[in-house]
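Below are the chains, spelled out letter by letter.
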Amino acid sequence: MIIRKQERTVKEVEALKQGTGTSILTTIAEGEQLFNHVKMYTNIILKKDCGLGYHNHVDEMEVILINKGQAVYNSDGVESNAFPGDVLICEDGHYHSIKNVEDDELLLTALIIKK
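Now for a quick tour of the structure. (Residues numbered from 1 in each chain as written. Predicted model: local features only at pLDDT ≥ 70, side-chain atom pairs only at ≥ 80, totals over all residues. Heavy atoms only, no water.)

1. Observations regarding the sheet that holds strand β9 (residues 95-100)
Item 1. Reading across from one edge, β4-β9-β6-β7 is the order of the four strands in this open sheet, with antiparallel pairing throughout. Only two strands of the sheet have a single partner each, and these edge strands are β4 (51-56) and β7 (78-82). The sheet shows a mean angle of 15° between the axes of neighbouring strands, direction not considered.
Item 2. Two strands pair when backbone bridges link them, and strand β6 (residues 71-75) and β9 are joined in this way by five bridges, in the antiparallel orientation. Within β9, the position partnered with Asn74 by the bridge is Ser97. (Pairing = 2+ DSSP bridges. Helix = DSSP H or I, 4+ residues; strand = E, 2+ residues; numbered from the N terminus. Axes fitted to C-alpha atoms, helices over the stretch in contact; angles between N-to-C directions.)

Right, here's the structure in full:
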(Lines give C-alpha, C1' and ligand atoms only; values in the text may rest on other atoms or scores of the structure.)
Protein backbone atom coordinates (compact mmCIF):
# COMPACT_ATOMS: atom_id res chain seq x y z
CA MET A 1 0.00 0.00 0.00
CA ILE A 2 1.14 3.52 -0.76
CA ILE A 3 -0.63 6.52 0.66
CA ARG A 4 0.14 9.40 -1.66
CA LYS A 5 0.80 12.88 -0.29
CA GLN A 6 -2.28 14.27 -2.03
CA GLU A 7 -4.45 11.59 -0.34
CA ARG A 8 -3.49 12.69 3.17
CA THR A 9 -5.67 15.06 5.18
CA VAL A 10 -4.24 18.45 6.17
CA LYS A 11 -6.14 20.64 8.61
CA GLU A 12 -5.53 23.66 10.79
CA VAL A 13 -6.85 23.45 14.34
CA GLU A 14 -7.14 26.41 16.69
CA ALA A 15 -6.29 25.88 20.37
CA LEU A 16 -5.67 22.12 20.06
CA LYS A 17 -6.44 20.51 23.44
CA GLN A 18 -7.12 24.04 24.76
CA GLY A 19 -3.61 25.07 23.78
CA THR A 20 -2.42 28.24 22.07
CA GLY A 21 -2.35 29.28 18.43
CA THR A 22 -2.89 27.21 15.32
CA SER A 23 -1.68 23.64 14.89
CA ILE A 24 -1.25 22.27 11.37
CA LEU A 25 -1.99 18.52 11.28
CA THR A 26 -1.12 16.25 8.36
CA THR A 27 -2.45 12.72 8.72
CA ILE A 28 0.08 9.99 7.96
CA ALA A 29 -2.34 7.05 8.10
CA GLU A 30 -5.65 6.41 9.83
CA GLY A 31 -8.52 4.05 10.62
CA GLU A 32 -8.52 0.71 8.85
CA GLN A 33 -5.08 1.42 7.39
CA LEU A 34 -3.85 0.87 10.96
CA PHE A 35 -6.32 -1.91 11.91
CA ASN A 36 -8.23 0.66 14.03
CA HIS A 37 -5.67 0.23 16.84
CA VAL A 38 -4.29 3.72 16.37
CA LYS A 39 -6.34 6.79 17.24
CA MET A 40 -3.96 9.22 15.55
CA TYR A 41 -0.78 9.05 13.45
CA THR A 42 0.05 12.52 12.19
CA ASN A 43 2.65 15.20 11.69
CA ILE A 44 2.03 18.40 13.62
CA ILE A 45 3.56 21.80 12.89
CA LEU A 46 3.57 24.39 15.66
CA LYS A 47 4.76 27.93 14.98
CA LYS A 48 6.30 30.16 17.67
CA ASP A 49 4.22 30.39 20.85
CA CYS A 50 1.81 27.68 19.64
CA GLY A 51 1.19 24.55 21.64
CA LEU A 52 -1.05 21.70 22.66
CA GLY A 53 -2.78 22.28 25.98
CA TYR A 54 -2.27 20.24 29.15
CA HIS A 55 -4.40 17.11 28.81
CA ASN A 56 -4.44 13.46 29.81
CA HIS A 57 -4.76 10.14 28.02
CA VAL A 58 -7.20 7.49 29.21
CA ASP A 59 -7.08 3.94 27.79
CA GLU A 60 -4.41 5.08 25.32
CA MET A 61 -0.86 6.37 25.16
CA GLU A 62 0.87 8.96 23.00
CA VAL A 63 4.36 8.80 21.52
CA ILE A 64 5.79 12.01 20.03
CA LEU A 65 8.98 12.30 17.97
CA ILE A 66 10.57 15.74 17.74
CA ASN A 67 11.65 16.05 14.09
CA LYS A 68 12.62 19.72 13.95
CA GLY A 69 12.79 22.59 16.42
CA GLN A 70 12.86 22.79 20.19
CA ALA A 71 9.92 22.22 22.49
CA VAL A 72 8.98 22.79 26.09
CA TYR A 73 7.37 19.54 27.20
CA ASN A 74 5.29 19.29 30.37
CA SER A 75 4.90 15.75 31.68
CA ASP A 76 2.71 15.48 34.77
CA GLY A 77 3.63 19.03 35.82
CA VAL A 78 7.38 18.78 35.17
CA GLU A 79 8.70 20.95 32.32
CA SER A 80 11.72 19.95 30.22
CA ASN A 81 13.26 21.07 26.95
CA ALA A 82 12.98 18.57 24.09
CA PHE A 83 15.16 18.54 20.97
CA PRO A 84 15.20 16.90 17.50
CA GLY A 85 15.43 13.13 17.84
CA ASP A 86 13.89 13.07 21.33
CA VAL A 87 10.89 10.78 21.86
CA LEU A 88 8.26 11.87 24.36
CA ILE A 89 5.90 9.30 25.84
CA CYS A 90 2.68 10.02 27.72
CA GLU A 91 1.45 6.76 29.21
CA ASP A 92 -2.14 5.81 29.98
CA GLY A 93 -3.57 7.94 32.78
CA HIS A 94 -0.87 10.64 32.62
CA TYR A 95 -0.93 14.31 31.58
CA HIS A 96 1.20 16.33 29.19
CA SER A 97 1.47 19.43 27.01
CA ILE A 98 3.95 20.71 24.45
CA LYS A 99 4.79 24.20 23.23
CA ASN A 100 7.07 25.84 20.69
CA VAL A 101 8.88 28.79 22.28
CA GLU A 102 11.48 29.20 19.51
CA ASP A 103 11.30 31.31 16.31
CA ASP A 104 11.59 28.24 14.03
CA GLU A 105 8.70 25.84 13.43
CA LEU A 106 8.38 22.80 15.65
CA LEU A 107 7.66 19.63 13.66
CA LEU A 108 6.36 16.61 15.58
CA THR A 109 5.21 13.15 14.62
CA ALA A 110 2.50 12.00 17.02
CA LEU A 111 1.13 8.48 17.45
CA ILE A 112 -1.78 7.72 19.80
CA ILE A 113 -2.22 4.00 20.46
CA LYS A 114 -5.46 2.64 21.87
CA LYS A 115 -5.28 0.25 24.83
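2. Considering the layout of surface pockets
Item 1. The calculated volume of the largest pocket comes to roughly 290 Å³.
Item 2. What lines the largest pocket is a set of 18 residues, and nearest its centre among them are Leu25, Lys39, Met40, Thr42 and Ile112.
Item 3. Residue assignment for the lining of the largest pocket shows that the elements contributing at least two residues are β2 (22-27), β3 (38-46) and β4.
Item 4. Looking at the lining of the largest pocket element by element, the count peaks at five residues for β3.
Item 5. Tallied by class, residues from the lining of the largest pocket come to eight nonpolar, five polar and five charged. (1 Å grid on protein atoms, 1.4 Å probe; cavity = no way out; pocket = protein on both sides within 12 Å on 5 of 7 lines; lining within 4 Å. Points joined across faces, edges and corners; volume = space filled by probe spheres on them. Nonpolar A, V, L, I, M, F, W, Y, C, P; charged D, E, K, R; others polar.)

3. Considerations on the sheet that holds strand β8 (residues 87-90)
Item 1. Taken together, six strands build an open sheet; the order of strands is β1-β2-β3-β10-β5-β8 and the sheet is antiparallel. Strand pairing shows two members of the sheet lacking a second neighbour, β1 (10-14) and β8, which therefore form its edges. Strand-to-strand, the axes of this sheet are offset by a mean angle of 25°, without reference to chain direction.

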